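Geometric and topological summary
Listed here are the chains, written in short residue letters.
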Amino acid sequence: MLLQGVIALPIAFGLMALTATGPRPQDPLLDELSTALAVSQVFALPILIYLILRRAHRQVPIVFAAVTIVHFSPYSWLYRTPLYMVLAGVLVIGLFVVCRLADRRADALAGAGPDDPAALRGGAGAAATPGDWAIPAFTGAVLVIGAIIALLL
């Protein structure tokens, strides 16, 4: 959250100012909507705190990714570009694949099948698996590629 507020948000505002192709619609209701969308991410904090307290660390990146997906969708309309919807779609489909592949790899390493009750993931004290880096890495890669595409458009 600190990275988002202190580093990523100012960079995002700077890139928006540099790449704006036209004036943003001026309407007080749109300003309120934009503020509500930006603040909406804060509502995920109690869920994230709960997951961290339960030591379900593997689930934290997927919650962050889900918040990002939901957060992006309305911006497609607000800024009149389909890029936000495309990025949200790529994240949804890509994270499904990434998580499924990571689960299969973890199951194979543990010797459990995907339907085995012993294969529950993310509980208290769960050990790290080789796929734990995949969710944040994939999400970050999609966001960087999306930013590059936005700069080139």
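Residue numbers here run from 1 along each chain, matching the order of that chain's written sequence. Predicted model: local features are reported for residues with pLDDT of at least 70 only, side-chain atom pairs are reported and counted for 80 or more only, and whole-chain, interface and lining totals are derived from all residues. Here the side-chain values reflect all heavy atoms present in the structure, with hydrogen atoms and water set aside.

**Some words on the packing of helix α4 (residues 60–78) against helix α5 (residues 83–110)**
Note the threshold: Interaxial angles span 0 to 180 degrees and are taken between N-to-C directions of axes, which are lines fitted to C-alpha atoms, for helices over the stretch in contact. Where helices and strands are cited, they refer to DSSP runs of H or I of at least four residues and of E of at least two residues respectively, numbered from the N terminus. Under this scheme an angle from 65 to 115 degrees is roughly perpendicular, one under 35 degrees roughly parallel, and one over 145 degrees roughly antiparallel; angles in between are oblique. For any helix crossing, the convention is left-handed if the near helix is rotated counterclockwise from the far helix by under a right angle, and right-handed if that rotation is clockwise. Residues count as neighbours in contact if any of their non-hydrogen atoms are within 4.5 Å of one another. Three residue categories are used. Nonpolar comprises Ala, Val, Leu, Ile, Met, Phe, Trp, Tyr, Cys and Pro, charged comprises Asp, Glu, Lys and Arg, and polar comprises the others, including Gly.
Orientation of α4 relative to α5, taken along the N-to-C sense of each, is 160°, at an axis distance of 7 Å. Here α4 is positioned roughly antiparallel relative to α5, judged by the angle of their axes. The interaxial crossing formed by α4 with α5 has left-handed handedness. Here Ile62, Ala65, Thr68, Ile69, Phe72, Ser73, Tyr75 and Ser76 of α4 lie close against α5, whose contacting residues are Tyr84, Met85, Leu87, Ala88, Leu91, Val92, Leu95 and Cys99. Residue composition of the contact of α4 with α5, by class: 13 nonpolar, three polar and no charged.

**Details of the side chain of threonine 139**
With respect to the helices and strands, threonine 139 occurs in helix α6 (residues 134–152). Discounting residues that sit within four places of it in the chain, threonine 139 has contacts with Ala65, Leu91 and Leu95.

**Some remarks on the packing of aromatic side chains**
Defined as follows: Two rings from Phe, Tyr or Trp (for Trp, the six-membered ring) form a pair when their centres sit within 6.5 Å of each other. Planes less than 30 degrees apart are called stacked, planes more than 60 degrees apart edge-to-face, and all others tilted. In this scheme, a residue with accessible area under 20% of its type's maximum is buried, one over 50% is exposed, and one in between is partly exposed, where area comes from a 1.4 Å probe on protein chains only.
Counted by the stated rule, this structure contains one aromatic pair. Relative to tyrosine 84, the ring of phenylalanine 72 lies with its centre 5.3 Å away and its plane at 75°, an arrangement referred to as edge-to-face. Here phenylalanine 72, found in helix α4, pairs with tyrosine 84, found in helix α5; they are twelve residues apart in sequence, far enough to count as distant. Classification of tyrosine 84 as partly exposed rests on a relative accessible area of 22%.

**Quick look at the nonpolar core**
Counted only if it meets this: Buried residues of nine kinds, namely Ala, Val, Leu, Ile, Met, Phe, Trp, Tyr and Cys, make up a nonpolar core once their side-chain atoms join them within 4.5 Å.
The biggest cluster of nonpolar side chains holds 13 residues, and the ones touching the most others in it are Ile69, Leu87, Leu91, Leu95 and Ile135. Of all the elements in the fold, those that place two or more residues in this core are α4, α5 and α6. With seven residues, α5 is the largest single contributor of residues to this core. Every residue in contact with leucine 87, bar those within four places of it in the chain, is listed here: Phe72, Val142 and Gly146. If you look at the next biggest cluster of nonpolar residues, it comprises five residues, including Leu51, Ala56, Val60 and Val63.

**Quick look at the confidence of the model for the protein**
Reading fine detail from the predicted coordinates is not recommended where pLDDT is low. Applied cut-off: Each residue carries a pLDDT score, the predictor's own confidence in it, on a scale running from 0 to 100.
Considering every residue of the protein, the mean pLDDT works out to 76; 79% of them sit at 70 or more. Confidence drops under pLDDT 50 across residues 118–125; counting only partners more than four residues distant or on other chains, this segment forms 17 contacts.

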